[in-house]
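Fold and contact review
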Amino acid sequence: SQQGEEDPQALSIQEGENATMNCSYKTSINNLQWYRQNSGRGLVHLILIRSNEREKHSGRLRVTLDTSKKSSSLLITASRAADTASYFCATDRRNFGNEKLTFGTGTRLTIIP
Amino acid sequence: DTAVSQTPKYLVTQMGNDKSIKCEQNLGHDTMYWYKQDSKKFLKIMFSYNNKELIINETVPNRFSPKSPDKAHLNLHINSLELGDSAVYFCASSWDRHGEKLFFGSGTQLSVL
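Source: prediction; values computed, not measured.

Procedures and definitions
- Residues numbered from 1 in each chain as written.
- Chains lettered and ligands numbered in written order.
- Predicted model: local features only at pLDDT ≥ 70, side-chain atom pairs only at ≥ 80, totals over all residues.
- Heavy atoms only, no water.
- Disulfide = S-S within 2.5 Å.
- Helix = DSSP H or I, 4+ residues; strand = E, 2+ residues; numbered from the N terminus.
- Buried < 20%, exposed > 50% of the residue type's maximum accessible area, 1.4 Å probe, protein only.
- Phe/Tyr/Trp six-rings, centres within 6.5 Å; stacked < 30°, edge-to-face > 60°.
- Lys NZ or Arg CZ within 6 Å of the ring centre and 35° of its normal.
- Contact = heavy atoms within 4.5 Å.
- Buried area = accessible area lost by both parts, 1.4 Å probe.
- Salt bridge = Lys/Arg side-chain N within 4 Å of Asp/Glu carboxyl O.
- Pairing = 2+ DSSP bridges.

1. Re the state of the cysteines
All names here are of chain A. Within the structure shown, the criterion is met by 2 disulfides over all chains. Cys 23 shares a disulfide with Cys 89; S-S distance 2.0 Å. Judged by the sign of its S-S torsion, about 65 degrees, the bond between Cys 23 and Cys 89 is right-handed. Of this pair, Cys 23 sits in strand 3 (residues 19-25) while Cys 89 sits in strand 9 (residues 85-91), placing them 66 residues apart in sequence. When its relative accessible area of 1% is taken as the criterion, Cys 23 is described as buried.

2. Focus on the packing of aromatic side chains
The way to describe two aromatic rings as a pair is by their centre distance and the angle between their planes. In this structure the tally under the stated criterion is 8 aromatic pairs over all chains. A ring pair is formed by Tyr35(A) and Phe104(B), whose centres lie 5.9 Å apart and whose planes are at 85 degrees; its orientation type is edge-to-face. Note that Tyr35(A) is positioned in strand 4 (residues 31-37) and Phe104(B) in strand 10 (residues 103-104), a pairing that runs across two chains. Side by side, Tyr35(A) and Phe104(B) carry an identical accessibility label, which is buried. Relative to Tyr35(B), the ring of Phe103(A) has its centre 5.4 Å away and its plane inclined at 90 degrees; by these criteria the two rings are edge-to-face. Of this pair, Phe103(A) sits in strand 10 (residues 102-103) while Tyr35(B) sits in strand 4 (residues 31-37), which puts the two residues in different chains. Considered together, Phe103(A) and Tyr35(B) belong to a single accessibility category, that of buried residues. Above the plane of the ring of Tyr10(B) lies Lys9(B), whose end atom (NZ or CZ) is 5.8 Å from the centre.

3. What about the interface of chain B and chain A?
In this complex, chain B contributes 21 residues to the contact, which on the side of chain A involves 20 residues. For the pair chain B and chain A, the summed buried surface comes to about 1,800 Å²; carbon and sulfur atoms form 53% of the total. When the buried area of chain B at its contact with chain A is split by residue, Phe42(B), Glu100(B) and Phe104(B) rank highest and sum to 25% of it. Across the contact surface, chain B and chain A share 1 salt bridge.

4. Quick notes on the pairing of strand 11 (residues 107-112) of chain A
Residues and elements named next belong to chain A. Along strand 11, the buried face is formed by Thr 107, Leu 109 and Ile 111; none of Arg 108, Thr 110 and Ile 112, which line the opposite face, is buried. Bridging between strand 2 (residues 10-14) and strand 11 involves 5 bridges; their strand directions are parallel. Among the inter-strand pairings, Gln 14 is bridged to a residue of strand 11, identified as Ile 112. Strand direction decides the pairing type here: strand 9 and strand 11, joined by 3 bridges, are antiparallel. Paired with Ser 86 across the strands is Arg 108, a residue of strand 11.

Right, here's the structure in full:
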């Protein structure tokens, strides 16, 4: 079964607005990562947040993690047309040994100029 | 220089054929992966190698055989291709088996006719 599920599946906003995407997962994790995928391209790592962290920032990105609710959110502030892409969360499995990243189903973000 | 490069980018073939996808990374990473992304954008791990040693082998048909001649290369050979194998296959690498921050290739779109 899928470890991570993003919500919403698709999101369209005007350029300059903030975009928020959510990710829920099922099992305990060591860390949670967010990736971006532009159409026809590979995934690009955006940010990693560890299980003992609650919030992390990187440029216009803000990630939160609530391990009690097994959920994370990715906020992109002051969105730009170039932010149009699919965004995936990925979780590893705690004490799995060889860490295996499991990806969610993705949120398709469209920024309207 | 492309960090993770995979070839070919597109592969169109008939059912029953055997094909290979090559992957090379020049990042000096120890761990490499193959992921399969289906038409719904769901990304699932297939294999993982650490220093040429297989460490993760998901429930993948025996028709799929990865080969790692050295830690910079991880090739994927697929025998007796089936319609259901049509997907985008991504190679990725990370510094170590903990999988914190994966670097992805640009993908190989496989179409089985």
